[in-house]
Amino acid sequence: MTALGLPDTIQACLFDLDGVVTKTAVVHAAAWKETFDAFLRGHDGQRPFDAVADYDEYVDGRPRADGVRAFLDSRGIHLPEGTPDDPPDAPTVHGLGNRKNELLLAKIRTQGVEAYDGTLRYLEAVRAHGLRTAIVSSSANCRDVLRSIGAEHFFDVRIDGVVATERRLPGKPHPDTFLAAARDLGVEPSRAAVFEDALAGMDAGRAGRFGYVVGVDRVGQTDALYAHGADTVVQDLAELGGKE
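The present account deals with the structure reproduced in this document. (Residues numbered from 1 in each chain as written. Predicted model: local features only at pLDDT ≥ 70, side-chain atom pairs only at ≥ 80, totals over all residues. Heavy atoms only, no water.)

## Notes on empty space enclosed by the protein
Link 1 in the chain: Applying the stated criterion across every chain, the model contains one cavity of 30 Å³ or more.
Link 2 in the chain: One number sums up the size of the largest cavity: a volume of about 190 Å³.
Link 3 in the chain: What lines the largest cavity is a set of 18 residues, and nearest its centre among them are Asp18, His28, Arg62, Lys100 and Ser138.
Link 4 in the chain: Taken together, the elements giving at least two residues each to the lining of the largest cavity come down to helix H1 (25-40), helix H2 (53-59) and helix H4 (93-111).
Link 5 in the chain: Sort the elements by how many residues they give to the lining of the largest cavity and H4 lands first, with three residues.
Link 6 in the chain: Residue composition of the lining of the largest cavity, grouped by class: six nonpolar, six polar and six charged. (1 Å grid on protein atoms, 1.4 Å probe; cavity = no way out; pocket = protein on both sides within 12 Å on 5 of 7 lines; lining within 4 Å. Points joined across faces, edges and corners; volume = space filled by probe spheres on them. Helix = DSSP H or I, 4+ residues; strand = E, 2+ residues; numbered from the N terminus. Nonpolar A, V, L, I, M, F, W, Y, C, P; charged D, E, K, R; others polar.)

Next up, the structure:
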């Protein structure tokens, strides 16, 4: 293993955003809960959205529409797809997703965005060691969030919700967005490491046959991260090393 805590075959690092670089996973979970709880009140016998269990299982790491579908399917509820331009009060998959995004942006505006200091230090070390880097996120707000924390310069490539839509890439747990990042960096997947906190991201790392998959456990799900394909699990990327 290198000073970065990675196999010496690794040439590039692919980082998820929410929960790995930024402390926005909790904000996402709160926005999803507010969205789904309001919707579920119109359906008799439905229990509220669980901001831990339901979030981890059905929506964390997935594109918004995929998260809506997965969660509603788990409750036996089916909605029309609608279109990505649906207003946030539309009773459609995209309408619910847009409502969640509206709530998320409002929370970010009022609460701000924080980065994980351990991740920023690790990114500095990765860059100092000459490895190439990409941010891989399902969020359509990825660029704005990176700019808000002054971290855009850490990444050679950005594959986010906007790029995925443009390229018609399926989101996590499919590996396509990570594979696109590796391809844009000019690196084989076997020589790239994936850094993820979401179970869907672990699945994507395993499906893409990446050289190393690092699970970042912010919420006490170490066993689940290993079960979904992590090669190692840390609570903070500072644990991997990277100090000169």
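Additional details are given in the paragraphs that follow.
## Brief notes about the side chain of aspartate 56
Link 1 in the chain: Tracing the backbone through its elements, the reader meets aspartate 56 in helix H2.
Link 2 in the chain: Nearest to the buried, unbridged aspartate 56 among oppositely charged side chains is arginine 62, at 10 Å.
Link 3 in the chain: In this structure aspartate 56 touches Leu199, Val219 and Gln221, once residues within four positions along its chain are discounted. (Buried < 20%, exposed > 50% of the residue type's maximum accessible area, 1.4 Å probe, protein only. Lys, Arg positive; Asp, Glu negative; His and termini not counted. Salt bridge = Lys/Arg side-chain N within 4 Å of Asp/Glu carboxyl O. Contact = heavy atoms within 4.5 Å.)

## Let's talk about the nonpolar core
Link 1 in the chain: Counting 37 residues, the largest nonpolar core has Leu6, Phe15, Tyr122, Phe195 and Leu237 as its most contacted members.
Link 2 in the chain: Secondary structure elements with two or more residues in this core: strand E1 (12-15), H1, H4, helix H5 (117-128), helix H6 (142-148), strand E4 (192-196) and strand E5 (212-216).
Link 3 in the chain: The dominant element in this core, judged by the number of residues it contributes, is H5, at five residues.
Link 4 in the chain: Beyond its immediate stretch of four places on either side in the chain, leucine 237 contacts Phe15, Val20, Gly118, Thr119, Tyr122, Phe195, Val214 and Val216. (Core = buried A, V, L, I, M, F, W, Y, C linked by side-chain atoms within 4.5 Å.)

## Let's talk about the pairing of E1
Each regular strand displays side chains that alternate between the two surfaces of the sheet.
Link 1 in the chain: Neither face of E1 is left uncovered, since the one carrying Ala12 and Leu14 and the one carrying Cys13 and Phe15 both have all their residues buried.
Link 2 in the chain: In this structure, E1 lies alongside strand E2 (residues 132-136), joined through four bridges in parallel fashion. Within E2, the residue paired with phenylalanine 15 across the bridge is isoleucine 135.
Link 3 in the chain: Relative to E4, E1 is paired through four bridges, and the arrangement is parallel. Residue alanine 12 lies in a different strand from E4, and its bridge partner there is alanine 192. (Pairing = 2+ DSSP bridges.)

## Section: the packing of aromatic side chains
Link 1 in the chain: For the structure shown, the criterion picks out nine aromatic pairs.
Link 2 in the chain: Look at phenylalanine 15 and phenylalanine 195: their rings are 4.4 Å apart centre to centre, the planes differ by 15°, and that puts the pair in the stacked class. With a gap of 180 residues between them, phenylalanine 15 in strand E1 and phenylalanine 195 in strand E4 connect regions that are remote in the sequence. Side by side, phenylalanine 15 and phenylalanine 195 carry an identical accessibility label, which is buried.
Link 3 in the chain: A network of ring pairs unites the aromatic residues Trp32, Phe36, Phe49, Tyr58 and Phe71 as a single cluster.
Link 4 in the chain: Just above the ring of tyrosine 116 sits the side chain of arginine 218; from NZ or CZ to the centre is 3.4 Å. (Phe/Tyr/Trp six-rings, centres within 6.5 Å; stacked < 30°, edge-to-face > 60°. Lys NZ or Arg CZ within 6 Å of the ring centre and 35° of its normal.)

As far as function goes, none of this settles anything; it's purely spatial.
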